[in-house]
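# Examining the three-dimensional arrangement
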Amino acid sequence: MGYIRRVASKLPPELSVFAGFLGVCRRRPGVPGGPPLYSDQVSSSHQATAVRYLNVGDPNAFGFKTPPHLVAAVERAMRDGHNGYGPSPGIPAAREAVAAELTSCGFPISADRALITAGTSEAIDLVLSALVDGGGEVLVPMPTYPLYTAVLAKIDARARYYLTDPTRGWQPDLDHLRSLVTSNTRALVVIDPNNPTGATYPASTRRELLEFADRHNLVILADEVYGDLGYDGPIEPLGKLDPDAAIITFSSLSKAYLAPGWRTGWMGVGRSPRLDGALAAIKKMADGRLCSTVPMQFAVAEALLGDRSHQPIFRNELKARAALTVRSLTSMAGMSCVAPIAGFYVMPKVQLPPGRTDEDYVLGLLRATGVLCVYGSGFGMRPEDGFFRIVFLAPPDELTAIYKMMADFTTQYLARG
Ligand SMILES: Cc1ncc(COP(=O)(O)O)c(C=O)c1O
């Protein structure tokens, strides 16, 4: 069966909806460098309303700028003629920088266990394709980041979703997780800090996840792309608690280095000998796709070993927006949310009237106000539970105006029943 048919037939319908929704909603205005807000318009019964995009996790789309020294490194690489293919696992300087960064964070690896990829996205694809055969199962958090489902569908494997619990700060439900293991389970995905919930997990939870994976001989895929975006400082990698655990960690230049369009990321394959076979397979697959974008790889060492003064500034901007967001949401009638701890997402819950769905609420909000969020069922949540995700990267004064419109709409929506 071909890729398109296989993925389409395996994706839960709600994820297909999510993909279609994002496809429509990610259209950008033709203003070079301009923010994507106020680009398209939606028609309400009375007037055309400008669309405010709170659906895309792209800091640059909201005016945040890539640090100039990273741009200079890429520019220099291009001028110096680094425009041909590069080594499949990445240029040595970038791999060494990834190894040095992970080692300094308490998860020591050597450079030959670091690979440079086309974003975290390609790293996820390479690792799952190398680790999991058709029929294999992978434990993935719910709400979920849909790429995992899509890649698993592509390779004819199966995502088993473990719940994370909003009544406990979106922590993983470990009993539910334990109930999902079968003889086909190959890996455990941990997204910490989390998209879409903004949660991070305390050491006690992380230890339980490590013990669980070890007991069942599972490889942990630690998606740590928001690790530098904890509001009170970077969040430690999971591997720090057990540097010998079978962990493959992912991150990229997309979020904390403000360069998502460069499609440059990396993976660090833990030093556990249990991962040697996987590493060899991943390298073989990386050979097949030749290399990731070469000039951008020259920014990796600059990013990880050089000036990071943009990060505390970015973290503070996010912290202020998160506080404004939580204040605004919790003062709306019928709305609740768990305060995020890292990143730029929050997943509020609106107390829906009987018979209504998250999609109905989100599309109603879009039509009435032009404010575009993603409904929770796009992340696999139950439609009647009323969850939706907000990206709060817009400037605070815009967020304030947006939340006022959201509050007015929600009051009317809930009054209608
Ligand atoms: C949890 C998570 N993993 C991976 C990615 C992909 O990021 P990248 O741009 O590094 O491919 C994202 C992007 O939003 C994400 O939220």
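Now for a look at the structure at hand.

Looking now at the overall build of the chain. When helices and strands are counted, the chain shows 13 helices and 17 strands. Counting only residues that meet the buried cut, the chain has 56% of its 417 residues in that class. A fraction of 74% describes how many contacts in the chain between residues 6 or more apart in sequence connect residues 24 or more apart. For the chain, the exposed area adds up to about 16700 Å²; of that, 55% sits on carbon and sulfur atoms.

The next point concerns the packing of helix α11 (residues 310-330) against helix α13 (residues 396-416). At a closest axis distance of 10 Å, the pairing of α11 and α13 adopts a crossing angle of 15°. Classified by the angle their axes make, α11 and α13 are roughly parallel. Judged by the twist between their axes, the crossing of α11 over α13 is right-handed. When α11 is examined against α13, the residues Arg-321, Leu-324, Thr-325, Ser-328 and Leu-329 are found in contact with a partner set consisting of Pro-396, Leu-399, Thr-400, Tyr-403 and Met-406.

Here we take up the sheet that holds strand β10 (residues 247-252). Strand order in this open sheet of eight strands is β4-β11-β10-β9-β8-β5-β6-β7, and the pairing throughout is mixed. The open sheet has two edge strands with one neighbour each: β4 (114-117) and β7 (171-172). Bridge count between β10 and strand β11 (residues 265-269): five bridges; the pairing is antiparallel. Across the sheet, Phe-250 pairs through a bridge with Met-267, a residue of β11.

The pairing of strands in a sheet happens through backbone hydrogen bonds and is either parallel or antiparallel. Judged by pairing direction, the sheet is antiparallel, and its three strands sit side by side in the order β13-β17-β16 without closing on themselves. Because the sheet does not close on itself, it has two edges, and the strands there are β13 (345-346) and β16 (374-375). Strand direction decides the pairing type here: β13 and strand β17 (residues 388-391), joined by two bridges, are antiparallel. Counted as the bridge partner of Val-346 is Ile-390 from β17.

The next point concerns helix α5 (residues 119-131). Between its first and last C-alpha, α5 extends 19 Å over 13 residues, near the 18 Å set by a 1.5 Å rise per residue. Among all positions of α5, only Gly-119, Thr-120, Glu-122, Ala-123, Ile-124, Leu-126, Val-127, Leu-128 and Leu-131 are buried.

On to the nonpolar core. Grouped together as the largest cluster of nonpolar side chains are 91 residues, with contacts concentrated most on Leu-188, Phe-344, Tyr-361, Ile-390 and Met-406. The residues contacting Met-406, other than those within four sequence positions of it, are Leu-329, Met-332, Tyr-361, Leu-365, Val-371, Cys-373, Phe-388 and Ile-390. With 31 residues, the next largest nonpolar core counts Leu-131, Val-138, Leu-152 and Ala-246 among its residues.

As a further point, take the layout of surface pockets. Of the voids in this model, the second largest pocket is the one considered here, and its volume is about 350 Å³. Along its surface, the second largest pocket is lined by 24 residues, and Glu-101, Cys-105, Asp-228, Ile-235 and Pro-237 are the ones closest to its centre. A total of four residues in the lining of the second largest pocket trace back to one element, the largest contributor, which is β10. When grouped by side-chain class, the residues that make up the lining of the second largest pocket number twelve nonpolar, five polar and seven charged.

The next thing to look at is the site of the ligand. Within the structure, the ligand sits among 14 residues, and Ser-121, Asn-195, Asp-223, Tyr-226 and Ser-254 are positioned closest to it. Between the ligand and Thr-120, the relevant distance is 2.8 Å, taken from an oxygen atom to a main-chain nitrogen or oxygen of the residue. A total of 400 Å² of accessible area belongs to the ligand in isolation, and the protein chains cover 93% of it. For the shell around the ligand, the element with the highest residue contribution is α5, accounting for three residues. Split by residue class, the shell around the ligand holds five nonpolar, six polar and three charged.

Calculation notes
- Residues numbered from 1 in each chain as written.
- Predicted model: local features only at pLDDT ≥ 70, side-chain atom pairs only at ≥ 80, totals over all residues.
- Heavy atoms only, no water.
- Helix = DSSP H or I, 4+ residues; strand = E, 2+ residues; numbered from the N terminus.
- Buried < 20%, exposed > 50% of the residue type's maximum accessible area, 1.4 Å probe, protein only.
- Contact = heavy atoms within 4.5 Å.
- Areas by Shrake-Rupley, 256 points an atom, 1.4 Å probe, with all protein chains shown as cover.
- Axes fitted to C-alpha atoms, helices over the stretch in contact; angles between N-to-C directions.
- Parallel < 35°, antiparallel > 145°, perpendicular 65-115°, else oblique.
- Left-handed = near helix turned anticlockwise from the far one by under 90°.
- Pairing = 2+ DSSP bridges.
- Expected span 1.5 Å × (residues − 1).
- Core = buried A, V, L, I, M, F, W, Y, C linked by side-chain atoms within 4.5 Å.
- 1 Å grid on protein atoms, 1.4 Å probe; cavity = no way out; pocket = protein on both sides within 12 Å on 5 of 7 lines; lining within 4 Å.
- Points joined across faces, edges and corners; volume = space filled by probe spheres on them.
- Nonpolar A, V, L, I, M, F, W, Y, C, P; charged D, E, K, R; others polar.
- Near = heavy atom within 4 Å.
- Polar contact = N/O pair within 3.5 Å; in protein donor to acceptor, adjacent residues only side chain to side chain.

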